[in-house]
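Chain by chain, the residues run as shown.
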Amino acid sequence: EDRDEYTSEGIFFVPAGARWSDVSAKAHDPEIGQVIDDAMRAIEKENVRLKDILPKNFARPELDKRRLGEVVDLFTNIKMIEHGSEKDILGRTYEYCLSMFAEQEGKRGGEFFTPSCVVRTLVEVLQPFKGRVYDPCCGSGGMFVQSAKFVENHSGNINDISIYGQDSNPTTWKLAQMNLAIRGIEPDLGKYAADTLLDDQHPTMRADYIMANPPFNQKEWRADNELIDDPRWDGYEVPPTSNANYGWILNIVSKLSQNGVAGFLLANGALSDDGTELKIRRQLIENNLVEAIIILPRNLFYTTDISVTLWILNKNKKARVIEENGEVKCFRNREREILFMDLRQMGSPYEKKYIELTDEDRKKVTSVYHAWQQEGYEETYQNVPEFCYSASFDEVAEKGFT
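Attention in this report is confined to the structure presented alongside it. Keep in mind the model is a prediction, meaning the values are calculated, not measured.

Before going further, it helps to examine the nonpolar core. Across soluble globular proteins, you tend to see nonpolar side chains buried next to one another. In terms of nonpolar packing, the biggest core is built from 70 residues, with Leu126, Ile312, Leu339, Met341 and Leu343 touching the most fellow members. Here this core gets seven residues from one element, more than from any other, and that element is helix 6 (residues 116–126). When residues no more than four places from it in sequence are discounted, the contact partners of Leu339 are Glu291, Ala292, Ile293, Tyr369, Trp372, Tyr381, Cys388, Tyr389 and Ser390. Counting 38 residues, the second largest nonpolar core, distinct from the first, contains Leu250, Phe264, Val290 and Ala391.

Here we take up the packing of helix 6 against helix 7 (residues 142–153). For the pair helix 6 and helix 7, interaxial distance at closest approach is 9 Å and the crossing angle is 55°. Taken together, helix 6 and helix 7 sit at an angle that is classed as oblique. The two elements helix 6 and helix 7 meet at a crossing, and its hand is right-handed. The segment helix 6 lies against helix 7, with Ser116, Val119, Arg120, Leu122, Val123 and Glu124 engaging Gly142, Met143, Gln146, Ser147 and Phe150.

Here we come to unusual backbone geometry. Non-glycine residue Asn217 carries a positive phi angle of around 50°. Along the chain, the position of Asn217 falls in the loop between strand 3 (207–212) and helix 9 (245–255). Residue class for Asn217 comes out partly exposed when judged on its relative accessible area of 27%. Positive phi is not limited to glycine here, since Asn299 has a value of about 65°. Following the sequence through the fold, Asn299 ends up in the loop between strand 5 (290–295) and strand 6 (308–314).

Moving on, we get to the packing of aromatic side chains. Tallied over the entire structure, the rule returns nine aromatic pairs. Seen in terms of ring centroids, Phe216 and Phe301 are 5.9 Å apart; in terms of plane orientation they differ by 75°. Their pairing is edge-to-face. Note that Phe216 is positioned in the loop between strand 3 and helix 9 and Phe301 in the loop between strand 5 and strand 6, a separation of 85 residues in sequence. In this structure Phe216 comes out as partly exposed when scored by relative accessible area, which is 22%. Take Phe301: its relative accessible area is 4%, and that puts it in the buried class. Ring centres 6.3 Å apart and planes at 85° place the aromatic pair Tyr246 and Trp311 in the edge-to-face group. Within this pair, whereas Tyr246 is found in helix 9, its partner Trp311 is found in strand 6, the two being separated by 65 residues in sequence. Assessed through its relative accessible area of 0%, Tyr246 is described here as buried. Feature note: the residues Tyr246, Phe264 and Trp311 constitute an aromatic cluster, connected by ring pairs.

With that settled, consider helix 10 (residues 276–286). Where helix 10 is concerned, the buried positions are Glu277, Ile280, Arg281, Gln283, Leu284 and Ile285. Among the structural elements, helix 9, strand 5, strand 6, strand 9 (337–342) and helix 12 (393–398) are those in contact with the buried residues of helix 10.

Within the open sheet, the eight strands sit side by side as 2-1-3-4-6-5-9-12. Their pairing is mixed. Edge strands, defined here as strands with exactly one partner in the open sheet, are strand 2 (161–165) and strand 12 (388–392). The average angle at which neighbouring strand axes cross in this sheet is 15°, direction not considered. Bridging between strand 9 and strand 12 involves five bridges; their strand directions are antiparallel.

Criteria and cut-off values
- Residues numbered from 1 in each chain as written.
- Predicted model: local features only at pLDDT ≥ 70, side-chain atom pairs only at ≥ 80, totals over all residues.
- Heavy atoms only, no water.
- Core = buried A, V, L, I, M, F, W, Y, C linked by side-chain atoms within 4.5 Å.
- Buried < 20%, exposed > 50% of the residue type's maximum accessible area, 1.4 Å probe, protein only.
- Helix = DSSP H or I, 4+ residues; strand = E, 2+ residues; numbered from the N terminus.
- Contact = heavy atoms within 4.5 Å.
- Axes fitted to C-alpha atoms, helices over the stretch in contact; angles between N-to-C directions.
- Parallel < 35°, antiparallel > 145°, perpendicular 65-115°, else oblique.
- Left-handed = near helix turned anticlockwise from the far one by under 90°.
- Phe/Tyr/Trp six-rings, centres within 6.5 Å; stacked < 30°, edge-to-face > 60°.
- Pairing = 2+ DSSP bridges.

Below is the structure:
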């Protein structure tokens, strides 16, 4: 009953009257919807961080209260503790429900959910052990969840990473807050839901790791006379209004710390567009920021069946230091080279019409990438036809930076 015992451990306190035993006892009452809504309000009142976040619409007349009571019974009868810690099971259940809902929603589902196999690939490539982690279009918070899992799986301390992000969709923003709350992760997702490109909630923040899945080929994202002098474009051409891809890229570049690394997903067209976008891409390469370009298999995403590219940017390609389990590892990055990887022949069928990257696939990708990063990499890395190639700056320039 001691509230402080919970809050000191970063765990939400559920007051009497709002606990599951109180809800389940009234599962078959006609007022079960109101009981759940009142419980949500009581939890929000006790936990300021959840204010206006939890859903409170279960009492609405059109919701079948008999079915709602059956759902309450279903959770009451599940012995979750037999399958792992309650926090972990709740988190995994939430993630599963999000993925199933995203799949049913199709294109709209991509607004808040990136397939976990893609997120895990990105996290395992970047290895976010310590520092600030940022996602400018965080959806339901999957990048943050996988980062926390990575730290825990490698015997790290979850308190060594800080979470920053934002999302423009108010409902999705709430989903992220709940997704992270379930796991005891306290993020800074801005004061409210907002479009990162038009209303940056973290203008002075500099991140050690940035992971993102921006909307693909976003049209008319700003007015012609809007954001012309935005400091995020300093040193680069102003991103065109016709497509937001390079607006997202330059936002990410502006947020990197001195030794920051970023991984983000873009449609393949971002590699071939000309005009202003080609000029910006050339500037990025000339500024020695682009470290790797990884083409992913088709049909990974619920939003599109096109092939998508994972970009890796590194603010300090000369050297990168990682501390893991007390051991310091130094990666000497290829200062004037870019690693290209093609994963289109990888992946296994998933839910009939989709593809997912398996554990073995991800291990192969990350081992090749990290071998290429190592000092004296000629002994640990080799180009493989139709899979990986380390290109020099001159080779990239010769092909017109496309």
